Amino acid sequence: MGDSRVLLEPCGITARSGAGIISKIRLENFMCHSSLQIEFGDWVNFITGQNGSGKSAILTALCVAFGCRAKGTQRAATLKDFIKTGCSFAAIFVHVKNQGEDAFKHEVYGDSIIIERRITESASSIFLKDYQGRKVAHRKDDLQELIDHFNIDVENPCVIMSQDKSREFLHSGNDKDKFKVNNVVKFFFKATLLQQVSELLDNIRVQLVTADTIVQELESSIRPILRQLDELREKIKNMEHVEEIAQELQNLRKKLAWSWVYDVDKQIEEHNAKLEKLKERVPACQERIDRNSVKVEELKGQLLDKKAHVTSLVQKTSEVRKMKEDLQHKLSLATKERLELEEERSRGANLIKKMTGRLKSLEKQILDIQEQHMRATQAEESAVEECMEKQQDEIDVARSSVTRLQQEENTLSERLSTLINSKNDMSKEIEETERRHRDLCSQIRELQQRQTNKVTAFGGERVLNLLRSIERHHKRFKSPPIGPIGAHVKLVSGDTWAVAVDYAIGKILDAFIVTNHKDSLVLRDCAKEANYRNLQIIIYDFSRPQLNIPYHLLPSTNHPTTLSVLHSDNPTVLNVLIDMGHAERQVLVQDYEMGKSVAFEQRIQNLKEVYTSDGYRMFYRGSVQTTLPPNRRGRTGRLCSSLDARINNIQQEASKLQEVLQEGRGRKRNSEEVCRSLELQIQSLKKRRLNDERILLSKQMELQDMKNSFSAENNRDPAPNVDEIYEEISQVRDDIQGKELLLEKIKVRMVMAEEKVNDLRCSFESLCDSVKGEVNAIEIAERELLLTEEKLQSAEEERAHYEGVMQKKVLPDIQKAEKEYEELQNNRQENFRKASIICPESEMEALGGCVGSTPEQLSGQLNRLKQRLQQESQRFTESIDDLRDMRDKKERKILKKQQMYSAFREKLNACQKALDLRWNKFQRNASLLKRQLTWQFNGHLRKKGISGQIKVDYEQKVLSVEVKMPQDASGNTVRDTRGLSGGERSFSTLCFALALHEMTEAPFRAMDEFDVFMDAVSRKISLDTLVDFAVEQGSQWIFITPHEISTVKSGDRIRKQQMAAPRG
């Protein structure tokens, strides 16, 4: 197609000044136009022309110029498809008026804005020029700003309705299709700004939800602080309780101080009575010593007389005793000889009995052979039968061999199984022995380490590391820690009670003692540094003097207690053993039976537990008697002073275990060799058995063949041969006679030996009778001598006992009691002085005194209260004032945040209410607009005598058009536009579009082929309606149609242009 031409119909044009209307458009190489320029009027513009003249290209160019994509025009896939065939570029120039109050940047662009859109094969560009043609902007955002300013939306069918969009709506009969964004929905939803308002409200709702989530997060963020505040309040409440405990502790200390004074007064009274009783024991003890001394002198004289008498009797009977011993020796020899002869005679008789049996067996054999020979001569046997019998015998032999081999194989299998079980048992024994050997070696290493350093017995290398750490941090301690406790105690009398003491208080021998809670925390840090976990730390007052336990509070028994066998130079250690370990109430005994008697039968007061020397623990709780065996795997005897003997014993035991282990391994190797040998024997027997089974099967088959093949019989008469048997019988008879002669000789020797024994017995008895009187006299004298010696020894022991009681018990007890009395007096003065320092006695009486409570009970209560106070104090490292300040700050902070978040919540609620109100208004306006659309649509249809209705369902997104034709006598309403004729459908669409145009604002509007499928009458009515609406509405209108528009009345606001016919 060549250059396009436009034929203008002359008419008077009344110009008007406006903003956003199109004054001119020029196309270069665009679609079918090489060069086209059209000027538009400010009001109504009609462009007519034949099909193919390029009318629709004008609207397409407008859409492209205002930024529409190629697919949005529905005329091409890409912008380069708009370039005319054979050309390299396409250009669109649109002149837009920019006058009046609504002008866009008038100071920049002037009275006119030129939009230039240039398209090439590879790219496209946009330029905005002023009225003089100078480039002002080139970005797409600048074009979008201009479009937004003039409210130009070329994709809205109410602004530009192309022929494709008209055709789609006219042919869409489905209600939902009309609601699609690319179809008629923009006629209504976008024209009325409902879409913009809906999107705005939805965006606000999303923002409100986001804000509500943020506020909820903020509100939830203070919940942990509220929990912390509650915990802080609870901690303050607990710390107030700690202050009450501290006050109660102070009162208990005052009571305890004065209770020691009152307790010492009681002890002084008791010691006075005890001292008087002890002094009364001296005369009685001395009287018994004197009485036993006289008795000893008398018994010594009697003993000398009896020794002289026994000596004289012994000298007289010495020769007789020698003769008696000689006869007794000969008698024993003769008796032994007689017994040997009896045994030899018994063996000979058994041998003769066996030979006689053999003789009878040979004679019976001869009779059997003779009977067999007689039967053989009477029957006729064939050679085949003999051969068959022989073959049968071989079969029997082979079968017995197979059976025997099977039995041997079973026997060896059972033996192998037994050996395997025995070997498994030996393996278990070896493993157990190895474990015991390792334990002994470990004990040896520990004991050797203890020889070099005693402290290692109470914690190993860990305690050494801990002591080094304590040394490094010694300046942090108020007082140096004491420990381990086991290193500060030792046994008083040897190692007899080492095991028992270890079982009794072994659990606290590894512990350390500190003077206050702060030192315990420092010591705990040192333990962590030394990697010493689960260290037991005891808090005890170092300034407290050694506890003096009254006699009546100790177990009333002569057996030692754990405290009595221990010694320590540090009184704090002994106090801890008493307060924490109850060492003064643990009784030690030698053996198990004595422990049962002391623990369960004697009912001893103040007794807590009984420990035996080998570690058994026994105690009585209510009606239950409990006995616990020692833990053999535990480390005991750590207080032993000498370890060499114990190490030697353990080394000997380890050596024995090593020997047992080697012996067991040797037996295991031998057993394994025997097992391998038995397995080889079983394999050999199995091969032999299988071979014999094959032989047995072949012989059975041969026997069957012989029975089937031979039938001839051959007789023979075997002659039995019994000469050898007769010779053997003769030999046996001769042997029997020889044995009988030998047996007779033995009997003679036995008679002689018996006579010799009888003679020696008679001589011995006669000798015994002759010296019986003298022997009895000696025995009587010896018994009397022994009795006298026993009496003398008893008297000396009794005298020594009372002397020992006097020297070791009575006098020391008196001295000790006097010393204790002096100590009690001094202790009373010291306790009174200390108690007076703590509080005066009058204040003590004001507190209610300490009547009914002993110092031990008060001390126990004090310790328990201290532990409780320490436990409570450990929970709180801050002071109560700091906690109260912290609580006030947190309360103020939380209150401020709560008030702020409450204000946020109130604002959100207000926004939500406003949104709900606007949404209700939006729905009400949408309903009003829907009714307004129906009223306007029906008003336009009425011009042709048609009535109709538009229904919009926002939720289902359904838009339905109902039209009622005047010529339809049935009165039915057409709900599907496809049921209308072409003209009726086009007119209905035009009315629907005009109804929406009244709700749409735009500087210009364009409609292409709006009158398709209309008849002449409908077209006339439609054109008149459009012109009147366009003139009244006031916007610039561009109508494109291929039909004649001569019926359109001319006017100064109407401009008609005709496109040149297309070239062939």
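Residues numbered from 1 in each chain as written. Predicted model: local features only at pLDDT ≥ 70, side-chain atom pairs only at ≥ 80, totals over all residues. Heavy atoms only, no water.

Engineer: Account for the overall build of the protein chain, with residues named and values stated.
Structural biologist: In terms of helices and strands, the protein chain carries 23 helices and 22 strands. When the 1064 residues of the protein chain are sorted by exposure, 40% land in the buried category. Sequence-distant contacts, at least 24 apart, represent 77% of the contacts inside the protein chain between residues at least 6 apart. Counting only carbon and sulfur atoms, one obtains 49% of the accessible surface of the protein chain, whose full area is about 61100 Å². (Helix = DSSP H or I, 4+ residues; strand = E, 2+ residues; numbered from the N terminus. Buried < 20%, exposed > 50% of the residue type's maximum accessible area, 1.4 Å probe, protein only. Contact = heavy atoms within 4.5 Å. Areas by Shrake-Rupley, 256 points an atom, 1.4 Å probe, with all protein chains shown as cover.)

Engineer: If you had to explain the sheet that holds strand β3 (residues 33-39) to someone new, which residues and values would you point to?
Structural biologist: Backbone-to-backbone hydrogen bonds pair the strands of a sheet. The strands run either parallel or antiparallel. The six strands are arranged β3-β2-β5-β6-β7-β8 in an open sheet whose pairing can be described as antiparallel. On the outer flanks of this sheet lie β3 and β8 (135-137), each paired with one strand and no other. Averaged over all adjacent pairs, the angle separating strand axes in this sheet is 25 degrees, with direction ignored. As paired elements, strand β7 (residues 124-129) and β8 share two bridges and run antiparallel to each other. The partner of Lys129 across the bridge, within β8, is Lys135. Across the face of the sheet, helix α1 (residues 55-65) comes into contact with β2 (19-30), β3, β5 (89-98) and β6 (112-120) while running at roughly 110 degrees to β2. (Pairing = 2+ DSSP bridges. Axes fitted to C-alpha atoms, helices over the stretch in contact; angles between N-to-C directions.)

Engineer: Run through the pattern of salt bridges, naming residues and quoting values.
Structural biologist: Following the criterion strictly, the structure yields 18 salt bridges and no others. In this structure, Arg905 and Glu219 form a salt bridge, with 3.4 Å as the shortest nitrogen-oxygen distance. Of this pair, Arg905 sits in helix α21 (residues 880-941) while Glu219 is found in helix α8 (residues 194-221), placing the two residues 686 residues apart along the sequence. Overall, the relative accessible area of 18% leaves Arg905 in the buried class. Close ionic contact of Arg476 with Asp525 constitutes a salt bridge, the shortest N to O distance being 3.6 Å. With Arg476 in the loop between α12 (461-472) and β10 (490-491) and Asp525 in helix α14 (residues 517-529), the pair connects residues that are 49 residues apart, well separated along the chain. Overall, the relative accessible area of 41% leaves Arg476 in the partly exposed class. Asp525 sits in the partly exposed class, given a relative accessible area of 37%. (Salt bridge = Lys/Arg side-chain N within 4 Å of Asp/Glu carboxyl O.)

Engineer: Run through the side chain of Thr572, naming residues and quoting values.
Structural biologist: Here Thr572 shows up in helix α15 (residues 571-579). Residue Thr572 is classed as buried on the basis of its relative accessible area, which comes to 3%. Here Thr572 is in contact with Ile482, Ile513, Tyr540 and Phe542, once residues within four sequence places are set aside.

Engineer: Give a description of the environment of Asp692 that names residues and reports values.
Structural biologist: One can find Asp692 in helix α17 (residues 644-709). Residue Asp692 is classed as buried on the basis of its relative accessible area of 17%. With 291 residues separating them along the chain, Asp692 and Ser401 place their C-alpha atoms 7.2 Å apart. Setting aside its immediate chain neighbours within four residues, Asp692 contacts Ser401, Val402 and Leu405. Looking at Asp692, its side chain comes within polar contact range of the side chain of Ser401, at 2.9 Å. (Polar contact = N/O pair within 3.5 Å; in protein donor to acceptor, adjacent residues only side chain to side chain.)

Engineer: Help me get a handle on the confidence of the model for the protein chain, residues and values and all.
Structural biologist: Put simply, the protein chain has an average pLDDT of 76, and 81% of its residues get 70 or more. Averaged pLDDT values for the elements of the protein chain fall to 44 in strand β1 (residues 6-8) and rise to 92 in strand β11 (residues 512-514). Residue range residues 1-15 is modelled with pLDDT below 50. Its contacts to residues more than four positions away, or to other chains, number 41 contacts. Below pLDDT 50 for its whole length, residues 711-720 participates in 20 contacts with residues either more than four positions away or in separate chains. (pLDDT = per-residue confidence, 0-100.)

Engineer: Can you tell me about the pairing of strand β20 (residues 1004-1008), naming the residues and giving the values?
Structural biologist: For β20, the buried fraction is high: five of the five residues fall into the buried class. Note: strand β9 (residues 160-161) against β20, two bridges, orientation parallel. Paired with Met161 across the two strands is Met1007, which belongs to β20. Taken together, the five bridges between β20 and strand β21 (residues 1036-1041) define a ladder with parallel strand orientation. Across the sheet, Phe1004 pairs through a bridge with Gln1036, a residue of β21.

Engineer: I'd like to hear about the sheet that holds strand β15 (residues 609-612), residue by residue, with values.
Structural biologist: Ordered by their spatial adjacency, four strands build an open sheet running β14-β15-β16-β17, and the pairing between neighbours is mixed. One side of each edge strand has no neighbouring strand; the edge strands of this open sheet are β14 (586-589) and β17 (624-628). Mean inter-strand twist for the sheet, computed between neighbouring axes without regard to direction, equals 20 degrees. Pairing between β14 and β15: four bridges, direction parallel. Looking at the pairing, Val589 lines up with Thr612 of β15.

Engineer: Please set out the packing of aromatic side chains residue by residue, giving values where relevant.
Structural biologist: For the coordinates displayed, the defined rule picks out five aromatic pairs. Summarising the aromatic geometry, the rings of Phe30 and Phe82 are spaced 5.3 Å apart at their centres and angled 20 degrees between planes, so their arrangement reads as stacked. Here Phe30, found in strand β2, pairs with Phe82, found in the loop between α2 (70-73) and β5; they are 52 residues apart in sequence, far enough to count as distant. Taking 5.8 Å as the distance between ring centres and 35 degrees as the angle between the ring planes, the aromatic pair formed by Phe66 and Phe1004 counts as tilted. One end of the pair, Phe66, is in the loop between α1 and α2; the other, Phe1004, is in strand β20, and 938 residues separate them in sequence. Judged by relative accessible area, which is 4%, Phe66 ranks as buried. Here the guanidinium or amino end of Lys135 rests over the ring plane of Phe127, the centre of that ring lying 4.0 Å away. (Phe/Tyr/Trp six-rings, centres within 6.5 Å; stacked < 30°, edge-to-face > 60°. Lys NZ or Arg CZ within 6 Å of the ring centre and 35° of its normal.)

Engineer: How would you sum up the nonpolar core? Please name residues and give values.
Structural biologist: One finds Ile25, Leu62, Phe66, Val94 and Ile160 to be the most contacted residues of the largest nonpolar core, which totals 49 residues. Examining the composition of this core, we find that seven residues originate from one element, α1, more than from any other. Setting aside its immediate chain neighbours within four residues, Ile25 contacts Leu36, Gln37, Ile38, Phe40, Ile58, Ala61, Leu62, Phe93 and Val94. Residues Leu249, Val489, Ile549 and Leu574 belong to the second largest nonpolar core, which totals 41 residues. (Core = buried A, V, L, I, M, F, W, Y, C linked by side-chain atoms within 4.5 Å.)

Engineer: Help me get a handle on unusual backbone geometry, residues and values and all.
Structural biologist: Cis geometry marks the peptide bond from Gly483 to Pro484, where omega comes out at -5 degrees. Note on placement: Pro484 falls in the loop between α12 and β10. Backbone geometry places Asn29, a non-glycine residue, at a positive phi of 55 degrees. The phi dihedral of Asn534 falls on the positive side, at around 55 degrees, and the residue is not glycine. Looking at the secondary structure, you find Asn534 in the loop between α14 and β12 (537-539).

Engineer: Summarise α15; cite the residues concerned and give the values.
Structural biologist: For α15, the tally of buried residues reaches seven of nine residues, placing the bulk of the element in the interior. Here α15 has its buried residues at Thr572, Val573, Leu574, Asn575, Val576, Leu577 and Ile578. Close packing links the buried residues of α15 with α13 (498-505), β11, β12 and β13 (566-567). Where α15 begins, one side-chain oxygen reaches toward the backbone nitrogen of Thr572, 3.0 Å away; that side chain belongs to Asn570.

Engineer: How would you explain the pairing of β3 if you had to name every residue and give the values?
Structural biologist: Of the strand pairs in this sheet, β2 and β3 are connected by six bridges, and their pairing is antiparallel. For Phe30, the partnering residue across the bridge sits in β3 and is His33. Where β2 hands over to β3, the hairpin turn is made up of two residues, of which Met31 adopts a positive phi near 55 degrees.

Engineer: Give me α13: which residues, what numbers.
Structural biologist: In terms of burial, α13 is largely enclosed, as six of its eight residues are buried. For α13, every residue scored as buried is listed here: Ala498, Ala500, Val501, Asp502, Ala504 and Ile505.

Engineer: Just give me the short version of the packing of α12 against α14, but keep the residues and values in it.
Structural biologist: Close contact between α12 and α14 brings their axes to 9 Å; oriented N to C, the two are set at 130 degrees. Between α12 and α14, the angle falls in the class oblique. For the element pair α12 and α14, the recorded crossing hand is right-handed. In this structure, α12 contributes Leu466, Ser469, Ile470 and Arg472 to the contact, and α14 contributes Leu523, Cys526, Ala527 and Glu529. Residues of the contact of α12 with α14, tallied by class, amount to five nonpolar, one polar and two charged. (Parallel < 35°, antiparallel > 145°, perpendicular 65-115°, else oblique. Left-handed = near helix turned anticlockwise from the far one by under 90°. Nonpolar A, V, L, I, M, F, W, Y, C, P; charged D, E, K, R; others polar.)

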